[in-house]
2 protein chains.
Amino acid sequence: MSRLVLGCAMRLVAGSPLAQAKDPIQLRDMGSFHVGGRLIEITGQPIKEVVFTPGGVPAKMDPNGRYQVEQMYVQYFLPQNRKGKLPLLLWHGGGLTGASYETKPGGGDAWLTYFIRQGWDSYISDAVERGRSGWTNTFKGDAVFLPFGDPWERFRIGPPGSWNDDKEKRVSYPGMQFPTDAYGQFMKQGVPRWLTTDDAIVAAYVELVDRVCPCAVMVHSQSGTFGFKVLEARPDKVKALVAVEPVLGGDRNKVASIKSTPILVVYGDNARDHPRWSKIRQGGVDYAGVLKTAGGTIDVIDLPDVGIKGNSHMIMMDKNSDVVAGLIQKWLVDRGLGE
Amino acid sequence: MSRLVLGCAMRLVAGSPLAQAKDPIQLRDMGSFHVGGRLIEITGQPIKEVVFTPGGVPAKMDPNGRYQVEQMYVQYFLPQNRKGKLPLLLWHGGGLTGASYETKPGGGDAWLTYFIRQGWDSYISDAVERGRSGWTNTFKGDAVFLPFGDPWERFRIGPPGSWNDDKEKRVSYPGMQFPTDAYGQFMKQGVPRWLTTDDAIVAAYVELVDRVCPCAVMVHSQSGTFGFKVLEARPDKVKALVAVEPVLGGDRNKVASIKSTPILVVYGDNARDHPRWSKIRQGGVDYAGVLKTAGGTIDVIDLPDVGIKGNSHMIMMDKNSDVVAGLIQKWLVDRGLGE
């Protein structure tokens, strides 16, 4: 697998006798935009006088009127030497933003730059109410905040009962690939999430797909649900779906409508035996069976079964992230979507 | 001014007989990280059972414990052909994120790509509690949300009384450079802000400066305050400060300590006569006088005085943004910081 990745990196160095540690990233364009959202109306609130900056000039603020809500931020990087036949959309997991695909906690490229270097037009977004998409106080229920230690076990860095506030006393799974020394840095990536915003999130993703696809979509964790919902809504535009440690698969009543789109599902290590993840994984495996019976194409890979061991839930920031990215890249190329 | 900008763009095309409309952006690296923040302790809350995804497996969540708060997200782009002698840090205004320096509402490059193309190692951040920095419910007071029409007049796109919910009936200043047709797109960039978080914001900026500087810092609007506070805290590390439409200047009691750092202050059109902005601008002009008397170097430019007309508060996304960026670029080069 390492040899495959190195081979791809070598091909990027056109005309150079020796590959450097890091070749330049050449972009024909980069930028960002917001899609989706809607205007809502608020009425009957009193006018406020607000000092926006301590010592500054007070400003009158009328809280009544229309508000922009539920839009989504998208940042794009378009390589000069485009090799992906379609754009690649990267959708992050719950309580996070697109930043989870950027630099790993502790340093090193995660998957955004990997796939840009492989020649994919890459679109990385923050789901509605996360990150640069902004949020409003109009969502139902409370925002959820994860305590500092919570993801250690939830994301299978260590087994149940392994968390300890004392860094020296934390235990991770044997051979763990997550950069455990940078766990604190990882937790700085966290953002709140609501539990009532799925419809708004999916609506914005559909608008993104309508704008930039046909495409390949990569989803992680919570966005597994969103990826399948959007595929079901736009089966003609999502030409491949890569679901990394997805929560749930698609709707079993809609498998016939999506059978033309190849799907790759990837689980890291220890998912089969984990008290919570074993159920999540089994749901995905069962769904895959239903889809296959209906004539669909879905490959489910447990990484340890192909010799890739020690991966946490956050595969894109694990130490061997390039190895797993290479596996995904090969799958996309084998489906005729890249070179 | 247009000729100056074209001249710089031409120089980027090494060995090419003809400049293309858009030359590739070559980066030796890109990525992101979070700086700053701290851990706080929450106690005495009951354990919750939460279904994170409709139909998903319930997860127990203990809200007690430690929480990561007040960190800051930073994204960086390092050009292959580095010409800026120091990194350039871009800090956004209130109710916005670093996205305000990226693509303009309606399309076209704002200032991030402009300065990357000029060869600056560029660091663009989201202030604490904005965008990809995340937020928590631990801040004092309520988050502030701007109604849809509010910035039209606050950001001097149109004069007082010119807003109308009916797009056809809105009036902008004569010769307005802001892309008024894309006002709705601009409003999708908005995020909430608290009015009690200045100290946390400044602390994270200081940590960023300690990590990547000496540097030049560009601030806009609300971050004008932050730029001066950080300069006062680290006068040896902030080697130039470009304050675009800043709210307030620095501390008049600290001017002696920052007199070695050259400062450029830029105001757009209609600032002098606007009922609110005239006071904000005068505060900046008065501060500049105090700093100059103490031996400091501060250039205050009202753009109309140098023939650049029609700029709103959001200069980096105005139609003539490249012209103003060219003026800033020349100022930085004249200070020996670029070429």
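Position numbers for residues start from 1 in each chain and track the written sequence from start to end. Naming scheme: in the order in which they are written, chains are lettered from A and ligands are numbered from 1. Per-residue local features of the predicted model are confined to residues with pLDDT of at least 70, and side-chain atom pairs are confined, for both listing and counting, to 80 or more; whole-chain, interface and lining totals are unaffected and use all residues. Side-chain measures here rest on the full set of heavy atoms in the structure, leaving out hydrogens and waters.

**Digging into the environment of A:Gly227**
Residues and elements named next belong to chain A.
- Considering the arrangement of structural elements, one finds Gly-227 in helix α6 (residues 223-233).
- Taking the C-alpha atoms as reference points, Gly-227 and Trp-91, separated by 136 residues in sequence, lie 8.2 Å from one another.
- When sequence neighbours within four positions are dropped, the list of residues in contact with Gly-227 reads Trp-91, Val-219 and Leu-241. By definition, any uninterrupted DSSP run of H or I lasting at least four residues is a helix, any uninterrupted run of E lasting at least two residues is a strand, and each is numbered from the N terminus. Note on contacts: a residue pair is in contact if any heavy atoms of the two residues lie within 4.5 Å.

**Re the interface of chain B and chain A**
- At the interface, 84 residues of chain B touch 84 residues of chain A.
- Buried area, as used here, totals the accessible surface that two parts lose on assembly, with accessibility defined by a 1.4 Å probe and the loss added over both. When the two sides are added together, the surface that chain B and chain A hide from each other amounts to roughly 6,700 Å², 56% of it contributed by carbon and sulfur.
- On the chain B side of the interface with chain A, the three residues burying the most area are B:Arg132, B:Trp135 and B:Lys188, jointly 12% of the side's total.
- Salt bridges are counted wherever a side-chain nitrogen of Lys or Arg sits within 4 Å of a carboxyl oxygen of Asp or Glu. Our enumeration of links across chain B and chain A arrives at 7 salt bridges.
- Among the ionic pairs, B:Glu102 bridges to A:Arg132, the shortest N-O distance being 2.9 Å.
- For the purposes of these results, a polar contact is taken to be a pair of N or O atoms within 3.5 Å, where, inside protein, one atom must be able to donate a hydrogen and its partner to accept one; residues adjacent in sequence count only when each atom of the pair is a side-chain atom. The tally of links between chain B and chain A comes to 28 residue pairs in polar contact (both at pLDDT 80 or more).
- Looking at the side of chain B that touches chain A, the elements that each hand over two or more residues are β1 (25-42), β3 (59-61), β4 (65-79), α2 (111-117), β6 (122-126), α3 (150-154), α4 (183-187) and α7 (277-293) of chain B.

**Notes on the state of the cysteines**
All names here are of chain A.
- Note that a disulfide, as used here, is simply two cysteine sulfur atoms within 2.5 Å. Tallying each qualifying case throughout the model produces 2 disulfides over all chains.
- In this model, Cys-213 is linked to Cys-215 through a disulfide, with the two sulfur atoms separated by 2.2 Å. Between Cys-213 and Cys-215 the sulfur-sulfur dihedral comes to about 75 degrees; the bridge is accordingly right-handed.

**Overview of the relation of the copies chain B and chain A**
- Here the copies are superposed with least squares, the fitted atoms being C-alpha atoms of residues at a pLDDT of at least 70 in both. Overlaying chain B on chain A yields an RMSD of 0.0 Å, the required transformation being a rotation through 180 degrees with an accompanying axial translation of 0.0 Å. The operation mapping one copy onto its partner corresponds to a two-fold rotation axis.
- Comparing interface residues between copies, 100% of those in chain B also lie at the interface in chain A; the contact surface is shared.

**Some remarks on helix α5 (residues 198-212) of chain A**
Residues and elements named next belong to chain A.
- Between its first and last C-alpha, α5 extends 21 Å over 15 residues, near the 21 Å set by a 1.5 Å rise per residue.
- Restricting attention to buried positions, one finds in α5 the residues Asp-198, Ala-200, Ile-201, Val-202, Ala-204, Tyr-205, Val-206, Leu-208, Val-209 and Val-212.
- Elements in contact with the buried residues of α5: β1 (25-42), β4 (65-79), β5 (88-91), β6 (122-126), α6 and β8 (238-244). By definition here, a helix of n residues has an expected span of 1.5 Å times n minus one. Each residue is placed in one exposure class: buried if its accessible area under a 1.4 Å probe, protein chains only, is under 20% of its type's maximum, exposed if it is over 50%, and partly exposed if it falls in between.

**So, the confidence of the model for chain A**
- Confidence of the predictor at the level of single residues is captured by pLDDT, which takes values from 0 to 100. Considering every residue of chain A, the mean pLDDT works out to 92; 93% of them sit at 70 or more.
- Of the regions scoring below 50 in pLDDT, residues 1-20 of chain A engages in 19 contacts with residues more than four places distant in sequence or in other chains.

**Re the environment of B:Ile301**
Residues and elements named next belong to chain B.
- With respect to the element layout, Ile-301 can be found in strand β10 (residues 298-302).
- Classification of Ile-301 as buried rests on a relative accessible area of 18%.
- For the pair Ile-301 and Tyr-267, spaced 34 residues apart in the sequence, the C-alpha separation amounts to 6.3 Å.
- If we ignore the near neighbours within four places in the chain, the residues touching Ile-301 are Leu-264, Val-265, Val-266, Tyr-267, Val-306 and Leu-327.

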